[in-house]
Amino acid sequence: MPPHPPDIPDIPDIPGKPRSTAGLGRTAGRGASTTLVGQLIRIGVQLGGIVVLGRLLDPSDYGLVASVAAIIGVGEVLRNFGLSSAAIQVRDLTRHQKDNLFWINSLIGLALMLLAVLCSPLIAILYGDDRLVLLTQVLAGTFLLNGLATQFRADLNRNFHFVALAGSEIGAQAGALAVGIVMALNGFGYWALAGQQISQGILTIIILIPVTNWFPGWYHRTAPMRPLLVFGSNLAGTQLLAYTSRNTDTIVIGATLGAGPLGLYNRAFQLLLLPLNQINAPSTRVALPVLARLQDDPPKYDRFILLGQTIMLHAVTIVLAFSCAQALPIISIALGSRWLGSAPIFQILAIAGFFEAAAYATYWVFLSKGATKQNLYFALTTRPLLVVFVLVGSLWGVYGVAAGYSIGVALIWPIGLWWISRVTNAPARSMFQAGARAVLGYGFATGISWTSVQWIPINLPFARVALGGVALLAAIGFVMLIWPTFRRDVRAITQARSFLRSAKSSKEGPVGATVDTDHLMPAPTPSRARKARRLRLRIIRRLDRVMHGLAAASTLPFLRDRAALKRATNRLRPFDTGSERAHVLVAPPGEGNIGDQAMVEAFLENVTGRVQVLVRRPTDVQIPSQHAWRAQLVPIPHLIYGKGRVHRQAMAMLAPILGGALSLTVIGADIMDGAYSVRASARRADVASLARSVGVQARILGFSWNGHANVGVRRSLARAGRMGTRLQLRDPTSSERARTDRFDTVVDVADAVFAARTSCALAKTEYLGATPARYAVVNASALVGRSFDQTTEYARIVTALLEAGLQVVLLPHVVRASGDDAAACRAVFDRLPITDGVILVNRLLTPAEVRGLCAGAEIVLTGRMHLAVQAMFHAVPAVALSTQGKVAGMMRLFDTQELCIEPGADLARRMIPVALSVLADRERYRARLVARLPEVRRLAALNFSGLPNATHSHAHALTAPSPTSHRQGPA
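In this text the structure is predicted, and so the values were computed from the model without any measurement.

Our focus in this paragraph is the overall build of the chain. Along the backbone of the chain there are 34 helices and 15 strands. A buried classification covers 60% of the 971 residues belonging to the chain. Taking the contacts inside the chain whose residues are at least 6 apart along the sequence as the reference set, 80% of them involve residues at least 24 apart. Surface summary for the chain: the accessible area is close to 36,300 Å², and the carbon and sulfur share equals 62%.

Right, let's get into the nonpolar core. Core analysis: the biggest nonpolar cluster contains 98 residues, and Phe754, Val777, Leu801, Ile859, Val860 and Leu861 have the highest contact counts within it. With seven residues, the single largest contributor to this core is helix 33 (residues 907-920). With 50 residues, the next largest nonpolar core counts Ile345, Phe354, Ala402 and Ala428 among its residues.

Here the focus is the packing of helix 11 (residues 298-325) against helix 17 (residues 461-482). Close contact between helix 11 and helix 17 brings their axes to 10 Å; oriented N to C, the two are set at 135°. Here helix 17 runs oblique to helix 11, going by the angle between their axes. Judged by the sense of rotation from one axis to the other, the crossing of helix 11 with helix 17 is right-handed. Contacts between helix 11 and helix 17 involve Ile318, Ala321 and Phe322 from the first element and Val465, Gly468, Gly469, Leu472 and Ile476 from the second.

Turning to the sheet that holds strand 1 (residues 582-586), a few remarks are in order. Read across the sheet, seven strands follow the order 3-2-1-4-5-6-7 without closing on themselves; strand pairing throughout is parallel. Edge positions in the sheet fall to strand 3 (631-635) and strand 7 (746-748), since each has one partner strand and no second. Adjacent strand axes in the sheet meet at a mean angle of 25° when their direction is disregarded. Two elements, strand 2 (residues 610-615) and strand 3, share five bridges in a ladder whose sense is parallel. Looking at the pairing, Val615 lines up with Pro635 of strand 3.

Pairing is parallel in the open sheet, where six strands are placed in the order 12-9-8-13-14-15. The open sheet has two free edges, formed respectively by strand 12 (838-840) and strand 15 (900-901), since each of these has just one partner strand. Strand direction decides the pairing type here: strand 8 (residues 775-778) and strand 13 (residues 859-862), joined by three bridges, are parallel. From the neighbouring strand, Ala776 faces strand 13, where its bridge partner is Ile859.

On to the pairing of strand 14 (residues 878-881), then. Going residue by residue along strand 14, you find Ala878 and Ala880 tucked away on one face and Val879 and Leu881 tucked away on the opposite face as well. In this sheet, strand 14 lies alongside strand 13 in parallel orientation, the contact comprising three bridges. Its bridge partner being in strand 14, Val860 is matched across the sheet by Ala878. You can see the chain leave strand 13, run along helix 31 (residues 865-872) and come back into strand 14, and the turn it takes is right-handed. As paired strands, strand 14 and strand 15 are joined by two bridges and run parallel to one another.

On to the packing of aromatic side chains. How two aromatic rings sit relative to each other is given by the distance of their centres and the angle of their planes. In this structure the tally under the stated criterion is 10 aromatic pairs. Between Phe444 and Phe478, the aromatic rings sit 6.2 Å apart at their centres with planes inclined by 35°, giving tilted as the arrangement. One end of the pair, Phe444, is in helix 16 (residues 428-452); the other, Phe478, is in helix 17, and 34 residues separate them in sequence. Overall, Phe444 belongs to the partly exposed group, its relative accessible area being 38%. Overall, the relative accessible area of 42% leaves Phe478 in the partly exposed class. A network of ring pairs unites the aromatic residues Phe355, Trp413 and Phe432 as a single cluster. Between Arg616 and the ring centre of Tyr641, over which it is positioned, the NZ or CZ distance is 4.1 Å. Over the face of the ring belonging to Tyr925 we find Arg924, whose NZ or CZ atom lies 5.1 Å from the ring centre.

Moving on, we get to the confidence of the model for the chain. Chain-level statistics for the chain give a pLDDT mean of 75 and a share of 70% at 70 or above. At the low end of the mean pLDDT range in the chain sits helix 3 (residues 83-89), at 47; at the high end sits strand 8, at 94. Across residues 85-90 the pLDDT falls below 50, and counting only partners more than four positions away or on other chains, this stretch makes 28 contacts in the model.

Here we come to helix 29 (residues 821-831). In terms of burial, helix 29 is a largely internal element, eight of the 11 residues being buried. Along helix 29, the positions that sit buried rather than exposed are Asp821, Ala822, Ala823, Ala824, Cys825, Ala827, Val828 and Phe829.

Even without being glycine, Thr745 reaches a positive phi, approximately 55°. Its location among the elements puts Thr745 in the loop between helix 26 (732-740) and strand 7. Residue class for Thr745 comes out buried when judged on its relative accessible area of 6%. You will see that Asp895, though not glycine, has its phi angle at about 55°, which is positive.

Below, the discussion takes up the environment of Gln326. Tracing the sequence through the fold places Gln326 in the loop between helix 11 and helix 12 (327-334). Note on Gln326: relative accessible area 0%, which makes it buried. Each C-alpha atom, one on Gln326 and one on Gln347, is 8.9 Å from the other, the two residues being 21 residues apart in sequence. Residues in contact with Gln326, not counting those within four places in the same chain, are Ser449, Trp450, Val453, Arg464 and Gly468. Polar side-chain contacts of Gln326 include one of 2.9 Å to the side chain of Ser449.

A few words now on the side chain of Ser199. Its place among the elements puts Ser199 in helix 8 (residues 191-212). Take Ser199: its relative accessible area is 11%, and that puts it in the buried class. Beyond its immediate stretch of four places on either side in the chain, Ser199 contacts Ala176 and Val179.

This brings us to the packing of helix 21 (residues 556-570) against helix 24 (residues 678-693). Packing of helix 21 against helix 24 leaves a shortest axis separation of 10 Å and a crossing angle of 45°. Considering their axes alone, helix 21 and helix 24 lie oblique with respect to each other. Helix-helix and strand crossings are classified by hand; for helix 21 and helix 24 the assignment is right-handed. Of helix 24, the residues touching helix 21 (which contributes Phe558, Asp561, Arg562 and Leu565) are Arg683, Asp686, Ser689, Leu690 and Ser693. The residue inventory of the contact of helix 21 with helix 24, partitioned by class, reads three nonpolar, two polar and four charged.

Applying the stated criterion across every chain, the model contains 17 salt bridges. Residue Arg892 is joined to Glu736 by a salt bridge in which the shortest nitrogen-to-oxygen separation is 3.1 Å. Remark: Glu736 occurs in helix 26 and Arg892 occurs in helix 32 (residues 886-894); sequence separation between them is 156 residues. On the basis of relative accessibility, which here comes to 44%, the residue Glu736 falls in the partly exposed class. Between Glu898 and Arg928 there is a salt bridge whose closest N-O contact spans 3.1 Å. Remark: Arg928 occurs in helix 34 (residues 922-941) and Glu898 occurs in the loop between helix 32 and strand 15; sequence separation between them is 30 residues. Owing to a relative accessible area of 36%, Glu898 belongs among the partly exposed residues under this scheme.

Rules of the game
- Residues numbered from 1 in each chain as written.
- Predicted model: local features only at pLDDT ≥ 70, side-chain atom pairs only at ≥ 80, totals over all residues.
- Heavy atoms only, no water.
- Helix = DSSP H or I, 4+ residues; strand = E, 2+ residues; numbered from the N terminus.
- Buried < 20%, exposed > 50% of the residue type's maximum accessible area, 1.4 Å probe, protein only.
- Contact = heavy atoms within 4.5 Å.
- Areas by Shrake-Rupley, 256 points an atom, 1.4 Å probe, with all protein chains shown as cover.
- Core = buried A, V, L, I, M, F, W, Y, C linked by side-chain atoms within 4.5 Å.
- Axes fitted to C-alpha atoms, helices over the stretch in contact; angles between N-to-C directions.
- Parallel < 35°, antiparallel > 145°, perpendicular 65-115°, else oblique.
- Left-handed = near helix turned anticlockwise from the far one by under 90°.
- Pairing = 2+ DSSP bridges.
- Right-handed = clockwise from strand over helix to strand, strands pointing away.
- Phe/Tyr/Trp six-rings, centres within 6.5 Å; stacked < 30°, edge-to-face > 60°.
- Lys NZ or Arg CZ within 6 Å of the ring centre and 35° of its normal.
- pLDDT = per-residue confidence, 0-100.
- Polar contact = N/O pair within 3.5 Å; in protein donor to acceptor, adjacent residues only side chain to side chain.
- Nonpolar A, V, L, I, M, F, W, Y, C, P; charged D, E, K, R; others polar.
- Salt bridge = Lys/Arg side-chain N within 4 Å of Asp/Glu carboxyl O.

In structure tokens:
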């Protein structure tokens, strides 16, 4: 690259004479028109790529590439270093400065590429996947390619060459998509996505160099670079914070749940970014140069910022509203049924999309006013808030991460408006009102569109989309009719062109511009928007397990709780001996889990007298109507999951309950060994110990034990046993493990649901008729399905059952955010080539209805243990996926261990022969179950043996128990 000839002075690189704002409106109008057309084409190309590649590749392929992109994407922010924005925003940019910016960006890109190559083994170790070593090294090449292209893009943007810029982006994107499709068709898998990214970078450079009409010279030491570097460093810091906060979710999900769930999350986020980036990015590209020149004309600045915000908000929000309302059929049509798991994730993230769009105008203000340092301070203040919400949400899985992200973005928007009102003269109040109107108006329309299609089966996606679109437009029309201000906003959009033409000023101002469209704020970066969370979630959970485990092992939490309980007890009045005491039941999480509900109902059916059911929320479990007269829900939100002051308040709420308690029972199930939450497991054991400390009989209802529990959980449970709590293990495998851990008062029982006393055939009649043909019940577990593509496997299993002459009932057993079997069963239903003879249960049944439905089945195949329990309750053979050893232990009670199948790839190949062998020899299996059921039911009844009867006259004192109370198990 030859240097500039020495006789050419270093003059400002400005075409023509000093720029004025005259004709700025026409320039903006042309730029907006050109950009809009270009973005429509880009949307088409991107949407085509999402549809085609989504059908050629698996979720795990996207998850792998997203895992790498989330981490090395940090380098992409550093690679740009805000210098593209600096080159556009500065009033005068010399040729020498532009040359220097090119070399700085290129060298940073080269350094980051080498660093990523060196760190590739560490990234593979983080995710536990050796394939990521080579994948990281290949994708690291994007640093250098993008570094070379940065200033070419900035030059076109700075000089308002929107046609050339849009053409180069579309050409590179289309060519890269073609490369990716060809590679995917030839079986390259995730390498097709890597090839797409690399080829897009190469094509971008090939196209940009000739259309820019500029070629960089050597580095010029005398060119003043400090102002540009200061501007860029402030912006880079802001972008780095934004990137970190936006990608915490991706890293956390990828590191803890694996590539498959991350692929679903990544596709949901990509669908969210499609309208955001394709509308926000070009609107920013046009708005910033205009706003920068209108700084000295506040009335026109205010009018333009409000109009620009309104146009962008309505354009983005109407797309998000329709996509959110009809996410399920849209994803079914575009990507196929195996991607349906991303639909609820997208619907949650759409909330964030609304507020991301609203926050963009705030970003325009910061940059157009040159307040990049204040933007950095704002990011330093608010972005950690977003990370906190994501980490808190991660406690509830993928859906919780999405919800945490959405809540955080929603809170950051008003904070940003307050901030710009303090540091600039922008119309923050009017911007807030305009944003609130758009969110409320389109939020109402979203609800109407979603509600209007609920009666249409999911297997008719085109009908849903058509009716949902009509309902959305009708709802928007209704809002315009009754809300004059909203109507004026829409009318203002139609008058935007006349306003732009009038946006002239005789005053000279700085040449405004836009930022590199690869790093717009606050919109998340497309392929990197999910990984940071995955790693963060894994790290936080491991730290949580270690810290809470050590705390529980130290006994300090228990001692604090006991002291708080004692203080609260001392403030109580003596118990009225004329009042009836109650059994206290600490309920499991519930929230749409039939198994948890079944255990609560089994307790109520086997215990006489009043019962108080302690829950986190009133919606966790339901009290059946026949028990409503004697049982009540008592919400204590922070008893199990709280900490600090709110948990101490929970102790104060627990004290009067224990004061009038006949007994305390903790439902253990599979939540006592810390596999899901160390704190919650230790707390449940501690609640039993606290009850014993005040003289109340305590037990933990039949639960599983995995033998590898956290040390703090083991010590909490051992303490409960030493204090006299009956530790009732529900299968022989768990009992052996508990005795190996030297727990006292271990009692051998069976699952409490085997002691249930109700069964209802209403659901069977509802879905199969009064005289159904032979049928099988099949459950696809959303929890198990996170680790492999179970949809395809279950589709093969269902097909095999149909070929065996059975009808198939797809039955969800858990319907909640952390594990939605309904979506998993729907995905299986949609994957089937023929659905004749397949019934999809579209509601959450009661436990009695599940037992009644299973009673008439030939066989039950399930990923949920309690569905197998409720099948064998009626001596119906059940083939169950084995997790944590709990299912295998239960099967030992019936000597049917061969009916346990390990989940994972090739599930159908392993499960179909077992199911067919059971059907071929069903009577022998039934005979085996019938022979062992009486003993299993006797063991299940031991869960409730020895519970005292209600009394009005004998009150127990709140004193410490005898050290030998209940040490010998049941009488």
